[in-house]
Amino acid sequence: MEWLFDPGIWVGLFTLVFLEIVLGIDNLIFIAILADKLPPHQRDKARLIGLSLAMGMRLGLLTIVSWLVTLTTPLFSLGAFSFSGRDLILLLGGFFLLFKATVELHERLEGVVHTQTGNKVYASFAAVVAQIVVLDAVFSLDAVITAVGMVEQLGVMMAAVIISIGVMILASKPLTRFVNAHPTVVVLCLSFLLMIGLSLVAEGLGFHIPKGYLYAAIGFSVLIETLNQFARRNFLKNEARVPFRERTADTVLRLLGKQHQAVQEEDQAVPATEAQAFGVEERNMVSGVLRLADRSIRSIMTPRAEMSWVNLAQEPGIILQQLQETPHNQLPVCRGDVDHVVGVARTKDLIGALLMHRHIDENDTNLLRQPIVLPDTAGVLRAMDTLKRAHGQLVLVADEYGVVQGLLTPIDLLEAIAGEFPDEDEQPAIRQQAPGHWEADGSADLHLLEQLLETDALVEEDADYSSLAGFLLQRFETLPVAGDAIEADGLRFEVLAVEDRRIVRVAIRRVETQLDAQTE
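Residues numbered from 1 in each chain as written. Predicted model: local features only at pLDDT ≥ 70, side-chain atom pairs only at ≥ 80, totals over all residues. Heavy atoms only, no water.

In this section: the overall build of the protein chain. Of the regular secondary structure elements, the protein chain holds 19 helices and 14 strands. Looking at the 520 residues of the protein chain, the share that counts as buried comes to 39%. Residue pairs in contact within the protein chain that sit at least 24 positions apart in sequence constitute 60% of those at least 6 positions apart. Approximately 29200 Å² of the protein chain is accessible, and the part contributed by carbon and sulfur atoms is 59%. (Helix = DSSP H or I, 4+ residues; strand = E, 2+ residues; numbered from the N terminus. Buried < 20%, exposed > 50% of the residue type's maximum accessible area, 1.4 Å probe, protein only. Contact = heavy atoms within 4.5 Å. Areas by Shrake-Rupley, 256 points an atom, 1.4 Å probe, with all protein chains shown as cover.)

See the structure below:
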(Lines give C-alpha, C1' and ligand atoms only; values in the text may rest on other atoms or scores of the structure.)
Protein backbone atom coordinates (compact mmCIF):
# COMPACT_ATOMS: atom_id res chain seq x y z
CA MET A 1 0.00 0.00 0.00
CA GLU A 2 3.00 2.31 -0.27
CA TRP A 3 1.43 3.96 -3.35
CA LEU A 4 -1.07 5.66 -1.03
CA PHE A 5 1.77 7.80 0.32
CA ASP A 6 3.23 8.70 -3.06
CA PRO A 7 2.34 12.37 -3.82
CA GLY A 8 3.00 11.82 -7.52
CA ILE A 9 0.19 9.25 -7.61
CA TRP A 10 -2.32 11.66 -6.05
CA VAL A 11 -1.25 14.60 -8.22
CA GLY A 12 -1.61 12.44 -11.31
CA LEU A 13 -5.00 11.16 -10.14
CA PHE A 14 -6.50 14.59 -9.43
CA THR A 15 -5.07 16.07 -12.62
CA LEU A 16 -6.38 13.17 -14.68
CA VAL A 17 -9.83 13.38 -13.05
CA PHE A 18 -10.02 17.07 -13.94
CA LEU A 19 -8.97 16.44 -17.53
CA GLU A 20 -11.30 13.46 -17.89
CA ILE A 21 -14.26 15.57 -16.71
CA VAL A 22 -13.52 18.38 -19.15
CA LEU A 23 -12.82 15.97 -21.99
CA GLY A 24 -16.07 14.19 -21.20
CA ILE A 25 -18.15 17.36 -21.54
CA ASP A 26 -18.40 16.94 -25.32
CA ASN A 27 -19.55 13.37 -24.78
CA LEU A 28 -22.03 14.63 -22.19
CA ILE A 29 -23.38 17.34 -24.51
CA PHE A 30 -23.90 14.95 -27.41
CA ILE A 31 -25.56 12.42 -25.13
CA ALA A 32 -27.90 15.22 -23.98
CA ILE A 33 -28.66 16.11 -27.63
CA LEU A 34 -29.45 12.47 -28.46
CA ALA A 35 -31.50 12.04 -25.28
CA ASP A 36 -33.45 15.17 -26.21
CA LYS A 37 -34.92 13.21 -29.13
CA LEU A 38 -36.68 10.92 -26.64
CA PRO A 39 -39.89 11.67 -24.75
CA PRO A 40 -39.20 13.69 -21.57
CA HIS A 41 -39.79 10.77 -19.19
CA GLN A 42 -37.05 8.66 -20.89
CA ARG A 43 -34.30 11.31 -21.12
CA ASP A 44 -32.75 10.91 -17.66
CA LYS A 45 -32.66 7.12 -18.13
CA ALA A 46 -30.91 7.52 -21.50
CA ARG A 47 -28.33 9.91 -19.98
CA LEU A 48 -27.59 7.44 -17.17
CA ILE A 49 -27.23 4.54 -19.59
CA GLY A 50 -25.09 6.62 -21.93
CA LEU A 51 -22.63 7.70 -19.22
CA SER A 52 -22.50 4.17 -17.77
CA LEU A 53 -21.67 2.80 -21.22
CA ALA A 54 -19.00 5.50 -21.58
CA MET A 55 -17.39 4.38 -18.33
CA GLY A 56 -17.44 0.73 -19.41
CA MET A 57 -16.06 1.63 -22.84
CA ARG A 58 -13.18 3.63 -21.34
CA LEU A 59 -12.28 0.95 -18.80
CA GLY A 60 -12.18 -1.68 -21.56
CA LEU A 61 -10.08 0.51 -23.84
CA LEU A 62 -7.74 1.34 -20.95
CA THR A 63 -7.11 -2.35 -20.33
CA ILE A 64 -6.36 -3.02 -24.00
CA VAL A 65 -4.19 0.07 -24.53
CA SER A 66 -2.31 -0.45 -21.25
CA TRP A 67 -1.48 -3.99 -22.41
CA LEU A 68 -0.42 -2.78 -25.84
CA VAL A 69 2.03 -0.25 -24.41
CA THR A 70 3.87 -3.11 -22.64
CA LEU A 71 4.94 -4.49 -26.02
CA THR A 72 8.49 -3.14 -26.04
CA THR A 73 10.09 -5.60 -28.49
CA PRO A 74 11.33 -3.64 -31.56
CA LEU A 75 9.36 -4.42 -34.71
CA PHE A 76 11.36 -2.41 -37.25
CA SER A 77 13.90 0.40 -37.49
CA LEU A 78 14.21 3.65 -39.44
CA GLY A 79 17.70 5.01 -39.29
CA ALA A 80 18.68 5.53 -35.66
CA PHE A 81 15.10 4.96 -34.44
CA SER A 82 13.66 1.51 -33.69
CA PHE A 83 9.91 1.15 -33.14
CA SER A 84 8.06 -1.35 -30.94
CA GLY A 85 4.33 -1.89 -30.57
CA ARG A 86 4.38 0.47 -27.58
CA ASP A 87 6.13 3.17 -29.61
CA LEU A 88 3.60 2.88 -32.43
CA ILE A 89 0.68 3.14 -30.00
CA LEU A 90 2.22 6.22 -28.37
CA LEU A 91 2.95 7.85 -31.73
CA LEU A 92 -0.53 7.21 -33.09
CA GLY A 93 -2.10 8.36 -29.85
CA GLY A 94 0.07 11.47 -29.72
CA PHE A 95 -0.73 12.46 -33.30
CA PHE A 96 -4.43 11.79 -32.62
CA LEU A 97 -4.40 14.11 -29.60
CA LEU A 98 -2.53 16.80 -31.55
CA PHE A 99 -5.06 16.56 -34.38
CA LYS A 100 -8.06 16.47 -32.03
CA ALA A 101 -6.87 19.44 -29.94
CA THR A 102 -5.92 21.49 -33.02
CA VAL A 103 -9.33 20.98 -34.65
CA GLU A 104 -11.20 21.79 -31.44
CA LEU A 105 -9.09 24.88 -30.78
CA HIS A 106 -9.61 26.07 -34.34
CA GLU A 107 -13.39 25.74 -34.01
CA ARG A 108 -13.49 27.63 -30.74
CA LEU A 109 -11.11 30.37 -31.83
CA GLU A 110 -13.01 30.82 -35.10
CA GLY A 111 -16.32 30.99 -33.22
CA VAL A 112 -17.89 27.87 -34.78
CA VAL A 113 -21.06 26.98 -32.90
CA HIS A 114 -22.62 23.53 -33.08
CA THR A 115 -26.39 23.84 -33.32
CA GLN A 116 -29.15 21.34 -33.75
CA THR A 117 -31.41 21.92 -36.75
CA GLY A 118 -34.57 20.31 -37.99
CA ASN A 119 -37.97 19.62 -36.53
CA LYS A 120 -38.40 17.96 -33.15
CA VAL A 121 -39.19 14.26 -33.76
CA TYR A 122 -39.11 11.68 -30.96
CA ALA A 123 -36.94 8.62 -31.74
CA SER A 124 -37.12 5.12 -30.32
CA PHE A 125 -35.22 4.37 -27.12
CA ALA A 126 -33.18 1.54 -28.69
CA ALA A 127 -32.05 3.73 -31.62
CA VAL A 128 -30.90 6.49 -29.30
CA VAL A 129 -28.98 4.07 -27.06
CA ALA A 130 -27.30 2.55 -30.14
CA GLN A 131 -26.16 6.01 -31.26
CA ILE A 132 -24.88 6.70 -27.74
CA VAL A 133 -22.75 3.52 -27.85
CA VAL A 134 -21.14 4.61 -31.12
CA LEU A 135 -20.51 8.11 -29.76
CA ASP A 136 -18.99 6.69 -26.56
CA ALA A 137 -16.50 4.67 -28.60
CA VAL A 138 -15.43 7.78 -30.54
CA PHE A 139 -15.29 10.17 -27.59
CA SER A 140 -13.47 7.68 -25.34
CA LEU A 141 -10.36 7.60 -27.52
CA ASP A 142 -8.97 11.00 -26.48
CA ALA A 143 -9.75 10.37 -22.80
CA VAL A 144 -8.06 6.96 -22.83
CA ILE A 145 -4.96 8.18 -24.67
CA THR A 146 -4.76 11.17 -22.32
CA ALA A 147 -4.86 8.81 -19.34
CA VAL A 148 -2.05 6.69 -20.80
CA GLY A 149 0.03 9.81 -21.43
CA MET A 150 -0.54 11.23 -17.95
CA VAL A 151 0.09 8.30 -15.60
CA GLU A 152 1.65 4.86 -15.82
CA GLN A 153 -0.41 2.84 -13.29
CA LEU A 154 -3.52 1.16 -14.72
CA GLY A 155 -5.27 1.35 -11.35
CA VAL A 156 -4.88 5.13 -11.23
CA MET A 157 -6.25 5.43 -14.78
CA MET A 158 -9.30 3.33 -13.95
CA ALA A 159 -9.92 5.20 -10.69
CA ALA A 160 -9.78 8.52 -12.54
CA VAL A 161 -12.25 7.28 -15.16
CA ILE A 162 -14.69 5.97 -12.55
CA ILE A 163 -14.49 9.16 -10.47
CA SER A 164 -14.92 11.46 -13.48
CA ILE A 165 -17.90 9.53 -14.86
CA GLY A 166 -19.44 9.46 -11.38
CA VAL A 167 -19.07 13.23 -11.08
CA MET A 168 -20.66 13.71 -14.52
CA ILE A 169 -23.57 11.43 -13.61
CA LEU A 170 -24.24 13.33 -10.38
CA ALA A 171 -23.62 16.83 -11.73
CA SER A 172 -24.13 16.67 -15.49
CA LYS A 173 -26.26 19.81 -15.77
CA PRO A 174 -24.12 22.08 -13.52
CA LEU A 175 -20.96 20.88 -15.29
CA THR A 176 -22.42 21.65 -18.70
CA ARG A 177 -23.50 25.11 -17.55
CA PHE A 178 -20.04 25.77 -16.05
CA VAL A 179 -18.18 24.80 -19.21
CA ASN A 180 -20.55 26.82 -21.42
CA ALA A 181 -20.13 29.85 -19.14
CA HIS A 182 -16.31 29.54 -19.01
CA PRO A 183 -15.03 28.83 -22.52
CA THR A 184 -11.47 29.66 -21.49
CA VAL A 185 -11.43 26.51 -19.31
CA VAL A 186 -12.10 24.39 -22.40
CA VAL A 187 -9.36 26.17 -24.37
CA LEU A 188 -6.96 25.60 -21.46
CA CYS A 189 -7.73 21.88 -21.38
CA LEU A 190 -7.32 21.61 -25.15
CA SER A 191 -3.88 23.18 -24.77
CA PHE A 192 -3.15 20.46 -22.20
CA LEU A 193 -4.08 17.91 -24.87
CA LEU A 194 -1.53 19.50 -27.20
CA MET A 195 1.11 19.21 -24.50
CA ILE A 196 0.22 15.60 -23.68
CA GLY A 197 0.09 14.69 -27.39
CA LEU A 198 3.54 16.19 -27.86
CA SER A 199 4.88 14.22 -24.90
CA LEU A 200 3.42 10.99 -26.34
CA VAL A 201 5.09 11.65 -29.69
CA ALA A 202 8.38 12.32 -27.89
CA GLU A 203 7.99 9.07 -25.89
CA GLY A 204 7.28 7.16 -29.10
CA LEU A 205 10.50 8.53 -30.58
CA GLY A 206 12.50 7.52 -27.51
CA PHE A 207 12.72 10.88 -25.71
CA HIS A 208 11.41 10.52 -22.15
CA ILE A 209 9.73 13.57 -20.61
CA PRO A 210 9.32 13.27 -16.81
CA LYS A 211 5.66 13.42 -15.75
CA GLY A 212 6.57 15.95 -13.07
CA TYR A 213 7.18 18.55 -15.78
CA LEU A 214 3.70 17.97 -17.18
CA TYR A 215 2.12 18.18 -13.72
CA ALA A 216 3.99 21.40 -12.93
CA ALA A 217 2.97 23.03 -16.21
CA ILE A 218 -0.65 21.97 -15.82
CA GLY A 219 -0.76 23.06 -12.18
CA PHE A 220 0.73 26.47 -12.98
CA SER A 221 -1.73 26.97 -15.86
CA VAL A 222 -4.68 25.99 -13.65
CA LEU A 223 -3.51 28.47 -11.00
CA ILE A 224 -3.31 31.28 -13.57
CA GLU A 225 -6.75 30.39 -14.95
CA THR A 226 -8.18 30.36 -11.41
CA LEU A 227 -6.80 33.86 -10.81
CA ASN A 228 -8.22 34.91 -14.17
CA GLN A 229 -11.67 33.62 -13.23
CA PHE A 230 -11.55 35.47 -9.89
CA ALA A 231 -10.51 38.66 -11.67
CA ARG A 232 -13.32 38.27 -14.19
CA ARG A 233 -15.86 37.62 -11.43
CA ASN A 234 -14.76 40.75 -9.56
CA PHE A 235 -14.89 42.76 -12.80
CA LEU A 236 -18.45 41.59 -13.49
CA LYS A 237 -19.42 42.31 -9.89
CA ASN A 238 -18.12 45.88 -10.12
CA GLU A 239 -19.71 46.34 -13.54
CA ALA A 240 -23.06 45.14 -12.19
CA ARG A 241 -23.09 48.10 -9.80
CA VAL A 242 -23.56 50.39 -12.79
CA PRO A 243 -27.24 50.50 -13.86
CA PHE A 244 -27.99 48.09 -16.70
CA ARG A 245 -29.47 50.86 -18.83
CA GLU A 246 -26.31 52.95 -18.52
CA ARG A 247 -24.09 49.95 -19.35
CA THR A 248 -26.18 49.23 -22.44
CA ALA A 249 -25.99 52.85 -23.61
CA ASP A 250 -22.21 52.96 -23.11
CA THR A 251 -21.78 49.70 -25.02
CA VAL A 252 -23.85 50.92 -27.96
CA LEU A 253 -21.96 54.21 -28.08
CA ARG A 254 -18.63 52.37 -27.96
CA LEU A 255 -19.71 50.18 -30.88
CA LEU A 256 -20.69 53.30 -32.82
CA GLY A 257 -17.25 54.74 -32.17
CA LYS A 258 -18.52 57.58 -29.95
CA GLN A 259 -16.10 57.59 -27.04
CA HIS A 260 -13.64 59.98 -25.53
CA GLN A 261 -10.15 60.05 -27.00
CA ALA A 262 -8.56 58.82 -23.78
CA VAL A 263 -10.91 55.87 -23.73
CA GLN A 264 -10.16 55.11 -27.37
CA GLU A 265 -6.46 54.89 -26.60
CA GLU A 266 -7.08 52.39 -23.81
CA ASP A 267 -9.87 50.37 -25.44
CA GLN A 268 -9.34 49.51 -29.08
CA ALA A 269 -12.18 46.95 -29.21
CA VAL A 270 -13.80 48.82 -32.14
CA PRO A 271 -11.60 48.96 -35.26
CA ALA A 272 -11.18 52.39 -36.81
CA THR A 273 -12.83 51.31 -40.06
CA GLU A 274 -15.94 50.21 -38.18
CA ALA A 275 -16.05 53.43 -36.15
CA GLN A 276 -15.85 55.46 -39.35
CA ALA A 277 -18.87 53.60 -40.75
CA PHE A 278 -21.08 55.90 -38.65
CA GLY A 279 -21.06 59.63 -39.22
CA VAL A 280 -20.78 62.16 -36.40
CA GLU A 281 -24.42 63.18 -36.86
CA GLU A 282 -25.57 59.54 -36.65
CA ARG A 283 -23.58 58.91 -33.49
CA ASN A 284 -24.89 62.12 -31.93
CA MET A 285 -28.50 61.18 -32.69
CA VAL A 286 -28.09 57.69 -31.21
CA SER A 287 -26.43 59.26 -28.18
CA GLY A 288 -29.33 61.71 -27.87
CA VAL A 289 -31.86 58.86 -27.87
CA LEU A 290 -29.96 56.74 -25.34
CA ARG A 291 -29.36 59.64 -22.96
CA LEU A 292 -32.84 61.16 -23.29
CA ALA A 293 -34.42 59.40 -20.32
CA ASP A 294 -31.52 60.44 -18.06
CA ARG A 295 -31.94 64.12 -18.80
CA SER A 296 -34.01 66.55 -16.74
CA ILE A 297 -36.90 68.47 -18.26
CA ARG A 298 -35.03 71.70 -17.46
CA SER A 299 -32.19 70.65 -19.79
CA ILE A 300 -34.42 70.40 -22.89
CA MET A 301 -37.08 73.10 -22.33
CA THR A 302 -36.99 76.63 -23.72
CA PRO A 303 -35.94 78.66 -20.64
CA ARG A 304 -38.03 81.54 -19.29
CA ALA A 305 -35.59 84.18 -20.51
CA GLU A 306 -36.03 83.00 -24.13
CA MET A 307 -39.81 82.51 -24.07
CA SER A 308 -42.05 84.49 -26.41
CA TRP A 309 -45.41 85.40 -24.82
CA VAL A 310 -48.30 87.83 -25.19
CA ASN A 311 -48.83 90.48 -22.52
CA LEU A 312 -52.49 91.52 -22.34
CA ALA A 313 -51.45 94.67 -20.47
CA GLN A 314 -49.95 96.09 -23.67
CA GLU A 315 -51.78 98.05 -26.34
CA PRO A 316 -53.58 95.95 -29.00
CA GLY A 317 -51.47 97.53 -31.75
CA ILE A 318 -48.23 96.53 -30.06
CA ILE A 319 -49.55 92.98 -29.50
CA LEU A 320 -50.63 92.73 -33.16
CA GLN A 321 -47.20 93.83 -34.36
CA GLN A 322 -45.54 91.27 -32.07
CA LEU A 323 -47.81 88.51 -33.39
CA GLN A 324 -47.09 89.40 -37.00
CA GLU A 325 -43.32 89.23 -36.39
CA THR A 326 -43.20 86.04 -34.30
CA PRO A 327 -42.21 82.75 -36.00
CA HIS A 328 -44.15 80.69 -33.40
CA ASN A 329 -47.59 79.27 -34.11
CA GLN A 330 -48.54 79.12 -30.38
CA LEU A 331 -47.91 81.53 -27.54
CA PRO A 332 -48.71 81.73 -23.82
CA VAL A 333 -51.09 84.61 -23.11
CA CYS A 334 -50.33 86.36 -19.79
CA ARG A 335 -51.26 89.51 -17.91
CA GLY A 336 -48.41 91.60 -16.58
CA ASP A 337 -45.76 88.85 -16.37
CA VAL A 338 -45.19 85.25 -17.34
CA ASP A 339 -46.32 83.90 -13.97
CA HIS A 340 -49.90 85.17 -14.52
CA VAL A 341 -50.85 82.89 -17.39
CA VAL A 342 -54.35 83.36 -18.79
CA GLY A 343 -54.15 80.62 -21.38
CA VAL A 344 -52.45 79.33 -24.53
CA ALA A 345 -53.60 80.36 -28.00
CA ARG A 346 -52.67 79.94 -31.65
CA THR A 347 -51.01 82.97 -33.17
CA LYS A 348 -53.42 83.15 -36.11
CA ASP A 349 -56.44 83.07 -33.73
CA LEU A 350 -55.01 85.95 -31.71
CA ILE A 351 -54.39 87.98 -34.87
CA GLY A 352 -57.97 87.31 -36.01
CA ALA A 353 -59.40 88.40 -32.67
CA LEU A 354 -57.40 91.63 -32.67
CA LEU A 355 -58.38 92.47 -36.25
CA MET A 356 -62.08 91.77 -35.67
CA HIS A 357 -62.63 92.91 -32.08
CA ARG A 358 -59.56 95.09 -31.37
CA HIS A 359 -58.97 93.17 -28.12
CA ILE A 360 -58.42 89.67 -26.71
CA ASP A 361 -61.22 88.33 -24.52
CA GLU A 362 -59.75 86.48 -21.52
CA ASN A 363 -63.02 84.55 -21.04
CA ASP A 364 -63.22 83.26 -24.60
CA THR A 365 -62.61 79.52 -24.13
CA ASN A 366 -62.64 78.98 -27.88
CA LEU A 367 -59.69 81.34 -28.19
CA LEU A 368 -57.69 80.63 -25.05
CA ARG A 369 -57.07 77.07 -23.92
CA GLN A 370 -56.15 76.10 -20.37
CA PRO A 371 -52.37 75.79 -20.06
CA ILE A 372 -50.82 72.37 -19.42
CA VAL A 373 -48.28 72.65 -16.62
CA LEU A 374 -45.57 70.17 -15.67
CA PRO A 375 -43.28 70.40 -12.62
CA ASP A 376 -39.62 70.93 -13.44
CA THR A 377 -38.85 67.72 -11.53
CA ALA A 378 -40.73 65.59 -14.06
CA GLY A 379 -38.72 63.24 -16.26
CA VAL A 380 -38.35 63.63 -20.00
CA LEU A 381 -40.34 60.45 -20.69
CA ARG A 382 -43.23 61.83 -18.62
CA ALA A 383 -43.00 65.10 -20.57
CA MET A 384 -43.04 63.17 -23.84
CA ASP A 385 -46.18 61.33 -22.78
CA THR A 386 -47.81 64.65 -21.80
CA LEU A 387 -46.98 66.17 -25.19
CA LYS A 388 -48.52 63.17 -26.95
CA ARG A 389 -51.81 63.80 -25.13
CA ALA A 390 -51.65 67.58 -25.55
CA HIS A 391 -52.85 67.46 -29.21
CA GLY A 392 -50.19 69.89 -30.38
CA GLN A 393 -50.40 72.30 -27.44
CA LEU A 394 -47.23 73.53 -25.78
CA VAL A 395 -46.52 72.65 -22.13
CA LEU A 396 -45.45 75.12 -19.44
CA VAL A 397 -42.81 74.10 -16.88
CA ALA A 398 -43.06 75.47 -13.33
CA ASP A 399 -41.06 74.98 -10.14
CA GLU A 400 -42.36 74.02 -6.69
CA TYR A 401 -43.44 77.62 -6.02
CA GLY A 402 -45.51 77.87 -9.21
CA VAL A 403 -43.00 80.15 -10.94
CA VAL A 404 -42.85 79.46 -14.67
CA GLN A 405 -39.36 78.28 -15.62
CA GLY A 406 -39.89 77.68 -19.31
CA LEU A 407 -41.99 75.90 -21.91
CA LEU A 408 -41.75 72.63 -23.79
CA THR A 409 -42.76 71.70 -27.33
CA PRO A 410 -42.18 68.62 -29.53
CA ILE A 411 -39.42 70.61 -31.26
CA ASP A 412 -37.53 70.79 -27.96
CA LEU A 413 -37.60 66.99 -27.73
CA LEU A 414 -36.44 66.67 -31.32
CA GLU A 415 -33.58 69.10 -30.69
CA ALA A 416 -32.48 67.01 -27.69
CA ILE A 417 -32.01 64.10 -30.10
CA ALA A 418 -30.94 65.66 -33.41
CA GLY A 419 -29.48 69.04 -32.44
CA GLU A 420 -30.70 72.61 -32.87
CA PHE A 421 -33.45 73.81 -35.22
CA PRO A 422 -33.16 77.61 -34.96
CA ASP A 423 -36.24 79.75 -35.63
CA GLU A 424 -36.23 82.51 -38.25
CA ASP A 425 -35.29 85.12 -35.66
CA GLU A 426 -32.61 82.96 -34.01
CA GLN A 427 -29.09 81.82 -34.73
CA PRO A 428 -27.54 78.56 -33.51
CA ALA A 429 -26.53 78.63 -29.87
CA ILE A 430 -23.17 77.05 -30.79
CA ARG A 431 -21.31 78.45 -33.81
CA GLN A 432 -18.02 77.09 -35.11
CA GLN A 433 -15.67 79.93 -36.04
CA ALA A 434 -12.70 77.84 -37.20
CA PRO A 435 -11.26 74.34 -36.62
CA GLY A 436 -10.97 73.95 -32.86
CA HIS A 437 -12.68 77.30 -32.21
CA TRP A 438 -16.36 77.87 -31.30
CA GLU A 439 -18.52 80.68 -29.98
CA ALA A 440 -21.52 79.73 -27.86
CA ASP A 441 -24.37 81.44 -26.05
CA GLY A 442 -24.47 81.12 -22.30
CA SER A 443 -27.82 79.35 -22.67
CA ALA A 444 -26.31 76.61 -24.90
CA ASP A 445 -27.37 73.09 -23.89
CA LEU A 446 -24.50 71.23 -22.23
CA HIS A 447 -25.48 67.85 -23.73
CA LEU A 448 -25.41 69.28 -27.25
CA LEU A 449 -22.14 71.06 -26.47
CA GLU A 450 -20.59 67.77 -25.30
CA GLN A 451 -21.57 66.12 -28.57
CA LEU A 452 -20.13 68.89 -30.73
CA LEU A 453 -16.91 69.18 -28.72
CA GLU A 454 -16.57 65.37 -28.42
CA THR A 455 -15.96 65.48 -24.69
CA ASP A 456 -17.62 63.99 -21.62
CA ALA A 457 -16.37 66.43 -18.97
CA LEU A 458 -19.23 68.96 -19.01
CA VAL A 459 -22.36 67.13 -17.80
CA GLU A 460 -22.39 65.90 -14.22
CA GLU A 461 -25.10 63.52 -13.00
CA ASP A 462 -25.98 65.44 -9.82
CA ALA A 463 -25.58 68.95 -11.25
CA ASP A 464 -28.55 71.34 -10.93
CA TYR A 465 -27.64 73.24 -14.11
CA SER A 466 -28.07 72.32 -17.78
CA SER A 467 -26.55 75.25 -19.69
CA LEU A 468 -23.04 76.43 -20.46
CA ALA A 469 -23.58 79.46 -18.21
CA GLY A 470 -24.50 77.18 -15.30
CA PHE A 471 -21.39 75.09 -15.89
CA LEU A 472 -19.15 78.18 -15.87
CA LEU A 473 -20.81 79.71 -12.80
CA GLN A 474 -20.26 76.46 -10.93
CA ARG A 475 -16.57 76.52 -11.89
CA PHE A 476 -16.00 80.25 -11.23
CA GLU A 477 -18.12 80.21 -8.03
CA THR A 478 -18.88 83.88 -8.74
CA LEU A 479 -20.25 85.99 -11.58
CA PRO A 480 -17.34 86.36 -14.03
CA VAL A 481 -16.50 89.39 -16.12
CA ALA A 482 -15.54 89.54 -19.78
CA GLY A 483 -12.08 88.07 -20.24
CA ASP A 484 -12.26 85.52 -17.42
CA ALA A 485 -11.34 82.01 -18.58
CA ILE A 486 -11.02 78.46 -17.31
CA GLU A 487 -9.75 75.21 -18.83
CA ALA A 488 -11.39 71.79 -18.69
CA ASP A 489 -10.57 68.56 -20.53
CA GLY A 490 -8.29 70.22 -23.06
CA LEU A 491 -10.76 73.06 -23.75
CA ARG A 492 -10.46 76.75 -22.86
CA PHE A 493 -13.67 78.61 -22.04
CA GLU A 494 -13.37 82.43 -22.16
CA VAL A 495 -16.27 84.71 -21.22
CA LEU A 496 -16.88 87.28 -23.97
CA ALA A 497 -19.94 89.16 -22.70
CA VAL A 498 -21.96 89.45 -19.48
CA GLU A 499 -25.27 91.31 -19.39
CA ASP A 500 -27.87 91.68 -16.63
CA ARG A 501 -25.99 89.24 -14.38
CA ARG A 502 -26.05 86.60 -17.16
CA ILE A 503 -23.22 85.10 -19.16
CA VAL A 504 -24.23 85.92 -22.74
CA ARG A 505 -21.39 84.74 -25.00
CA VAL A 506 -18.44 82.39 -24.51
CA ALA A 507 -15.44 81.57 -26.73
CA ILE A 508 -14.29 77.95 -26.72
CA ARG A 509 -10.93 76.77 -28.04
CA ARG A 510 -9.07 73.51 -27.98
CA VAL A 511 -5.90 74.02 -25.98
CA GLU A 512 -3.93 71.63 -28.24
CA THR A 513 -5.00 73.56 -31.35
CA GLN A 514 -3.99 76.84 -29.76
CA LEU A 515 -0.56 75.49 -28.78
CA ASP A 516 0.01 74.04 -32.24
CA ALA A 517 -0.83 77.40 -33.84
CA GLN A 518 1.65 79.17 -31.57
CA THR A 519 4.34 76.61 -32.37
CA GLU A 520 3.85 77.11 -36.11
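Of all residues in the protein chain, 72% have pLDDT values of 70 or greater, and the mean over the chain is 76. Within the protein chain, helix 10 (residues 261–266) has the poorest average pLDDT of any element, 42, and strand 4 (residues 310–311) the best, 94. Considering only residues more than four positions removed or in separate chains, one finds that residues 116–120, a stretch of pLDDT under 50, has five contacts. Segment residues 259–270: pLDDT under 50, and twelve contacts once partners within four positions in sequence are set aside and those in other chains are kept. (pLDDT = per-residue confidence, 0-100.)

To continue, consider the environment of S124. Inspection of the secondary structure assignment puts S124 in the loop between helix 3 (85–109) and helix 4 (125–150). Here the alpha-carbon distance between S124 and L38, two residues 86 residues apart in the chain, equals 6.9 Å.

On to the pattern of salt bridges, then. One pass over the full model with this rule turns up nine salt bridges. Put simply, D339 and R304 hold a salt bridge, and the shortest N to O gap is 2.9 Å. Residue D339 is located in the loop between strand 5 (330–334) and strand 6 (341–346), and its partner R304 is located in the loop between strand 3 (302–303) and strand 4; the two are separated by 35 residues in the primary sequence. On the basis of relative accessible area, D339 is assigned to the partly exposed category, the value being 32%. Its relative accessible area of 29% is what places R304 among the partly exposed residues. (Salt bridge = Lys/Arg side-chain N within 4 Å of Asp/Glu carboxyl O.)

Attention now goes to the sheet that holds strand 10 (residues 430–434). The five strands are arranged 10-11-14-13-12 in an open sheet whose pairing can be described as antiparallel. Strands at the two margins of the open sheet, each flanked by one partner only, are strand 10 and strand 12 (485–488). For this sheet the average axis-to-axis angle between neighbouring strands, irrespective of direction, equals 25 degrees. Note that strand 10 and strand 11 (residues 437–441) share four bridges and pair antiparallel. Across the sheet, the residue bridging to R431 is E439, located in strand 11. Together, strand 11, strand 12, strand 13 (491–499) and strand 14 (502–510) form the strand contacts of helix 18 (residues 468–476), whose direction differs from that of strand 12 by roughly 100 degrees. (Pairing = 2+ DSSP bridges. Axes fitted to C-alpha atoms, helices over the stretch in contact; angles between N-to-C directions.)

What follows is about a nonpolar patch on the surface. Together, F220, L223, I224 and L227 give the surface a local cluster of nonpolar side chains, amounting to about 410 Å² of exposed area. Relative to the helices and strands, L223 is located in helix 8 (residues 211–240). Exposure remark for L223: the relative accessible area of 47% places this residue in the partly exposed category. (Patch = residues over 30% accessible without salt bridge, like charges linked within 9 Å, V, L, I, M, F, W, Y side chains within 5 Å.)

Turning next to the environment of G317. Here G317 is to be found in helix 13 (residues 316–325). Residue classification places G317 among the partly exposed residues on the basis of a relative accessible area of 41%. When the C-alpha positions of G317 and L354 are compared, they lie 8.4 Å apart, and in sequence the two are 37 residues distant.

Time to look at the packing of helix 13 against helix 14 (residues 347–357). At a minimum axis distance of 10 Å, the contact between helix 13 and helix 14 shows a crossing angle of 145 degrees. Of the two elements, helix 13 crosses helix 14, and the hand of that crossing is left-handed. Only T347, L350, I351, L354 and L355 of helix 14 make contact with helix 13, whose side of the interface consists of P316, I319, L320, L323 and Q324. Across the contact of helix 13 with helix 14, the residue classes break down as eight nonpolar, two polar and no charged. (Left-handed = near helix turned anticlockwise from the far one by under 90°. Nonpolar A, V, L, I, M, F, W, Y, C, P; charged D, E, K, R; others polar.)

This brings us to the sheet that holds strand 9 (residues 404–408). Spatially, four strands are ordered 3-9-8-7 in an open sheet, and the strand pairing comes out mixed. Here the strands that pair on one side only, and so sit at the sheet edges, are strand 3 and strand 7 (372–375). Packing against the sheet, helix 15 (residues 380–388) makes contact with strand 7, strand 8 (395–398) and strand 9, and its axis sits at approximately 175 degrees to strand 7.

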